Every structure is written in C-alpha cells, then in structure tokens.
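Chain residues, written in single-letter form:
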Amino acid sequence: MSNQSPWILPAGIDEVLPAQARRIERVRTRMLETFDRWGYELVVPPMVEFIDTLLVGTGEDLDLETLKVTDGLSGRQLGVRADMTPQVARMDAHSLPSVDERRLCYIGTVIRAKTDGLGGSRAPMQVGAELFGSDGPEADVEVISLMTEALAVGGCRQMTLDLGHVGVFRALVRAAGLDEAREDQLRDALTRKAVPEIRQTLAGWSLEASLVEAIEALCDLHGPWQATLESAVQRLNGLLDAEGRAALDRLATVAEAIDARVDGEVLVDLSELHGYHYQTGLVYAAYSPRMGREIARGGRYDDIGQVFGRSRPALGFSLDLRDLLGEDDDEAPAGPTVYAPARLNDAALDRAVADLRGKGYRVITTKSIPDGAAQLVAVDDGQTQTWQLTGE
C-alpha cells in the first residue's frame, strides 16, 4: 500500500488560495479593461473540443501538449485546450461575420499534457489578444505594444523584449535545399543553440561553405537590435532570397518603432524559432528580471485560418496571468472588515449589515468575534433596538 498522500496534486497543477485569487481577479480586470480600450473584444472558447478540429492547423507542437480524453456521449476523442489561439482563429474565420479587421481577446485556464521543464504551470491562466486582417508592420507594432502594456498593468514594468523572424531561417533552408526532416533537425538544434551539434550535423550534409557559415552565424546573431541586424545584413544578405531580405527589413522596422515606444531593452535573436510549425513571420517574447523564462510570447501565424475557410493575416500574443503574481507590488488592501453576531429574525441587524456592505465594508456574520475587531453592537434606547458600528 502506498504511503503517498491522497491529496497530492499532479505535477504542474496547483490550487489558488484566497490572497492569490484576489490578486488574480484584480489583474484580470485591469487587463480586460486595457484590451477594451484598445478595441479588442472578449471571447470565451470552449474548454474541450473534438481533437480533429482542435488541432487543425497547429502542427505537432500543440498535439504533444494536448491532453486527450474520450467523449462519453459520442465515443470520439476530445482534446482539452492547451492554447486558445487556434480556437480564436476559428471563431474569427467561422463563427463571426466577415470584417476587414478584427481584434479579439480572451482569458481562461488551459491544460497542458506535460510540464515545460522550466517551472511553468500545466494549468496556466492564459491571457491573450489576436489581431486578424492586417499584414503591415503597424499591426506588429500594435500587438507588441499591447503586450507590453498588458504586462505593465499586471505589475511587470521592467522587461526585455526579444524579437525574431522565422523567415530568415527558412530562407537559408531554401538556399541549402534541405528536406523537412533535416529542416526540423537543424531547427531543433538552433533553438537550443547547440553549436557543436549544429557543426557536426552540417559537416555531414556536404553543403557549401558559405551556407554552413551563414547557418552557424544564426546562433551568434543575438543582442541589441540595431547592432545585431547590421551584422546580419553583412553576414547573411548574400545568401538570402527576396523573402529572407524582407524578413530582415521587417525586423528592423518593427524593432525601431518598438524601441521608441517601450521603456526596456529591445533585442533581436535570429535563432528564436518558437512555434515554428505555425508561425509565419515575426516572433517575439518578453522577459522579466525576476524569471528565468519568457513571461509573454507571440508572433504571426497568417495561415492558421485557411483550414477554417478564411486565410488571412493574423498575429497575437499570450501570457500566463499567474506568472505576474510576484510582479505586482501594488497589493490593494482588503476592505475594512466588520464582524456581526450571527442571529436569525433580527431585521434591524440585517439592515445594518446590508448598509455597511453597500458602503464597501466586508461584513462577516459569526458566533466568534475576534477581540478588538470592529463590530456591530446592539444599542437599546428603551423603545427600539438599533445596531451601531464600534471598534474602528
């Protein structure tokens, strides 16, 4: 018989206690108000869907993250959402009227089938915003700026932004003529910045020396945006096709605009390839000095709506609201608490309690009133009994 406690929660799953829950609700309200001021409308995707529709367009990355169960009604396999972005893309393409541009936001718990190995929750409270129908750099700047403002209202006012573009790596893959298997192998090594592994892998593929040098250079091309992009032009431009050069130009345009807007360091990392299977352009992440991993991330995924009947430009970001709990130092104190005796059939007491709650007091009715606490006490003037607040 196991000695393990039956109350242990699964790895990566935790509960939210009152003080944290109060802070979460306060930050959630602030963020939704911020999204509304920017014109982003709230949607609520379903927690579960049939797996064949939930994973459409997302690739193998999300498939591995998705917890799968069997539907007791239909017998079909269900997936518990691991990311709401594809669901929101479907809502834009399939569930809502056609418009040129649409701005949507969402908040809710998602469930991951495994941990990320970096201390992240398997049940993050995902907050995000998506912009559909705009393919210009202005849209990139808008969404990244909204991401930084959402973090700021959540208490994260010191951050570093990391920008990348999957188009640069894809241009080098095209130049090298790599098949999909080799592309994935190289992409995985680049994401880990495993330089010895990359060199060994490239040495076995008989590529031109200039291409090998350019691919290896991606690991070095990270740092302050302006210097990094100037170096990238010098080291890569001769090997990039028109799409690859356009990716560098787009990065420079967006980085310059963001640098002028955001009070924080703006970096570029050309080996940053998160979400590679469905990202189509710019990718970005925000880092907090308090954490050893990104605190928000996003990018372009222009093709994700095609399977839902509407292929058009799209980009967005998401974050785990609970990651911000340690960032917010502006903890609002709970309202003043008053204790009242627990009594039945006392209309005067009931009116006094309702009046105080209407004025913003927390009123707890109990048979056990702490010593020295503010409380409602009965006052009898000989004709009628009233209740008054004392102890403040």
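If you're wondering where the values come from, they're calculated on a predicted model, not measured in any experiment.

Enquirer: Please clarify how the overall build of the protein should be interpreted in this entry.
Expert: The number of helices and strands found in the protein is 12 helices and 16 strands. Scaling as 2.2 N^0.38, a compact globule of 392 residues should have a C-alpha radius of gyration of about 21 Å, whereas the protein reaches 27 Å, well beyond that. The C-alpha extent of the protein, read off along each of the three principal axes, is 100 × 55 × 50 Å. Buried residues in the protein amount to 47% of all 392 residues. Excluding contacts between residues fewer than 6 apart, the proportion of contacts in the protein whose partners are at least 24 apart in sequence is 70%. Put simply, the protein shows about 19600 Å² of open surface, and 49% of that area lies on carbon and sulfur atoms. Positive and negative side-chain charges in the protein, numbering 40 and 62 respectively, have mean positions lying 4 Å apart.

Enquirer: Sorry, what's going on with the pairing of strand β9 (residues 265-269) here?
Expert: Within a regular strand, the side chains alternate between the two sheet faces. With 4 of 5 residues buried, β9 is to be regarded as a mostly interior element. Two strands pair when backbone bridges link them, and strand β7 (residues 160-165) and β9 are joined in this way by 4 bridges, in the parallel orientation. Within β9, the position partnered with D162 by the bridge is L267. Bridge analysis of strand β8 (residues 222-224) against β9 gives 3 bridges, and the strand direction is antiparallel. Bridging from a neighbouring strand, G223 pairs with V268 of β9.

Enquirer: Help me understand helix α11 (residues 242-261), please; the structure alone is not making it clear to me.
Expert: Turn by turn, an α-helix covers 3.6 residues, leaving residues three or four places apart pointing in a common direction. Here α11 contains 20 residues, and its C-alpha end-to-end distance of 29 Å stays within 8% of the 28 Å for a straight helix at 1.5 Å per residue. Residues G244, A247, L248, L251, V254, A255 and I258 constitute the buried set of α11. The buried residues of α11 all sit within an arc of 140° when viewed along its axis, so they share a single face. What points out from α11, more than 90 degrees from its buried face, is the exposed set A242, D249, E256 and A260. Contacts from the buried residues of α11 go to α5 (137-153), β7, α6 (166-176), α10 (225-236), β9 and β10 (282-287).

Enquirer: Sorry, what's going on with the packing of aromatic side chains here?
Expert: Between two aromatic rings, the relevant description is the distance of the centres plus the angle of the planes. Summed over all chains, the structure comprises 1 aromatic pair. A cation over a ring is seen here: R76 above F50, with NZ or CZ 3.7 Å from the ring centre.

Enquirer: Can you help me understand the sheet that holds strand β3 (residues 67-70) in this one?
Expert: Sheets are built from strands paired through backbone hydrogen bonds, the pairs being either parallel or antiparallel. What the 3 strands build is an open sheet, ordered β2-β4-β3; its pairing is antiparallel. Where the open sheet ends on each side, the last strands, each with one partner, are β2 (48-50) and β3. Across the sheet, the mean angle separating the axes of adjacent strands is 35° when strand polarity is ignored. Here β2 runs beside strand β4 (residues 77-80); their pairing, made up of 3 bridges, is antiparallel. Following the sheet pairing, V48 is matched in β4 by V80.

Enquirer: Sorry, what's going on with the nonpolar core here?
Expert: One broad rule of soluble globular proteins: the nonpolar side chains tend to lie buried together. Residues F35, L236, L270 and F317 are the most contacted members of the largest nonpolar core, which totals 78 residues. When residues in this core are grouped by element, the largest group, 9 residues, is from α5. Excluding anything up to four places from it in sequence, L236 contacts V168, L172, A214, A217, L218, L221 and L270. Counting 12 residues, the second-largest nonpolar core is a separate cluster that includes M84, M91, L104 and Y106.

Enquirer: Sorry, what's going on with the pairing of strand β12 (residues 314-320) here?
Expert: Counting buried positions along β12 yields 7 of 7 residues, so the element is predominantly enclosed. The alternating pattern of β12 places A314, G316, S318 and D320 on one face and L315, F317 and L319 on the opposite face, and all of these are buried. The pairing of strand β6 (residues 125-132) with β12 spans 7 bridges and is classified as antiparallel. Its bridge partner lying in β12, L131 is registered against L315. Pairing analysis gives 5 bridges linking strand β11 (residues 294-300) to β12, with the strands arranged antiparallel. Considered in β12, the bridge of A296 is made with L319.

Enquirer: It is not clear to me how the confidence of the model for the protein should be interpreted in this structure. Could you clarify?
Expert: Looking at the protein as a whole, its pLDDT mean stands at 89, while 93% of the residues score no less than 70. Looking at the elements of the protein, mean pLDDT is at its lowest for helix α3 (residues 60-65), recorded as 77, and at its highest for strand β1 (residues 41-42), recorded as 98.

Enquirer: What's the story with helix α7 (residues 180-191) in this structure? I'm lost.
Expert: The first and last C-alpha atoms of α7 sit 16 Å apart over 12 residues, in line with the 16 Å expected at 1.5 Å per residue. Downstream of α7 by a residue or two, K193 has a phi angle that is positive, lying close to 50°.

Enquirer: Where do I start with unusual backbone geometry in this structure?
Expert: Peptide bonds are trans in most cases, and residues, glycine excluded, mostly fall at negative phi. In the Ramachandran plot, S206 falls in the positive-phi region, its phi being about 55° despite a non-glycine side chain. Its location among the elements puts S206 in the loop between α8 (195-203) and α9 (209-220). Looking at S206, the relative accessible area reads 70%, which means it is exposed. Phi angles above zero are rare outside glycine, and N345 is one such case at about 60°. Its location among the elements puts N345 in the loop between β13 (337-341) and α12 (347-358). The exposure class of N345 is exposed, given its relative accessible area of 82%.

Conventions we followed
Residues numbered from 1 in each chain as written. Predicted model: local features only at pLDDT ≥ 70, side-chain atom pairs only at ≥ 80, totals over all residues. Heavy atoms only, no water. Helix = DSSP H or I, 4+ residues; strand = E, 2+ residues; numbered from the N terminus. Rg over C-alpha atoms; globule rule 2.2 N^0.38 Å. Buried < 20%, exposed > 50% of the residue type's maximum accessible area, 1.4 Å probe, protein only. Contact = heavy atoms within 4.5 Å. Areas by Shrake-Rupley, 256 points an atom, 1.4 Å probe, with all protein chains shown as cover. Lys, Arg positive; Asp, Glu negative; His and termini not counted. Charge placed at Lys NZ, Arg CZ, Asp CG, Glu CD. Pairing = 2+ DSSP bridges. Expected span 1.5 Å × (residues − 1). Arc of directions from axis to C-beta. Phe/Tyr/Trp six-rings, centres within 6.5 Å; stacked < 30°, edge-to-face > 60°. Lys NZ or Arg CZ within 6 Å of the ring centre and 35° of its normal. Axes fitted to C-alpha atoms, helices over the stretch in contact; angles between N-to-C directions. Core = buried A, V, L, I, M, F, W, Y, C linked by side-chain atoms within 4.5 Å. pLDDT = per-residue confidence, 0-100.

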